[in-house]
Amino acid sequence: QVQLVESGGGLVQAGGSLRLSCAASGTIFSINAMGWYRQAPGKQRELVAIITSAGSTNYADSVKGRFTISRDGAKNTVHLQVNSLKPEDTAVFYCYAHEINPWGHGYEYWGQGTQVTVSS
């Protein structure tokens, strides 16, 4: 079982920056991808950014050029540097991890979420 704990959310003015972090702990076999999703009020949860164990990244079009995801594989942590924040970025950000166990079974894990609020 993997636990994900996020940190770094908060209230920021438009144009500001934050750094979100997520640390995985527990019984970890092989996390092959970690990332961030977000859910704004009244909207579905959406992918923000994801990074694989090989270092490949994928970003939502709405955040390209403003957000940067990075990962410390040895520590099973993932960071999201969010710059040039806009009011429409206001959402709960959730950390995500995908793990494959030694038997080839894949599992998804989610953090509790951290609130990011951007004021205009």
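Above this text you will find the structure in question.
Residues numbered from 1 in each chain as written. Predicted model: local features only at pLDDT ≥ 70, side-chain atom pairs only at ≥ 80, totals over all residues. Heavy atoms only, no water.

Asker: Break down the sheet that holds strand β8 (residues 77-82) for me, citing the residues and quoting the values.
Answerer: Strand order across the open sheet formed by four strands is β1-β3-β8-β7, with antiparallel pairing between neighbours. The sheet terminates laterally at β1 (2-7) and β7 (67-72), the two strands that pair on one side only. Within the sheet, the average angular offset between the axes of one strand and its neighbour, ignoring direction, is 15°. Where strand β3 (residues 18-26) meets β8, six bridges bridge the pair, whose relative direction is antiparallel. Within β8, the position partnered with Leu18 by the bridge is Val82. (Pairing = 2+ DSSP bridges. Helix = DSSP H or I, 4+ residues; strand = E, 2+ residues; numbered from the N terminus. Axes fitted to C-alpha atoms, helices over the stretch in contact; angles between N-to-C directions.)

Asker: Mind laying out the pairing of strand β10 (residues 106-110), listing which residues take part and the relevant values?
Answerer: Strand direction decides the pairing type here: strand β9 (residues 91-100) and β10, joined by five bridges, are antiparallel. Residue pairing for β10: Glu99 is matched across the bridge by Tyr107. Linkage of β9 to β10, two consecutive antiparallel strands, is achieved through a turn of five residues, within which Gly104 is found at a positive phi near 85°.

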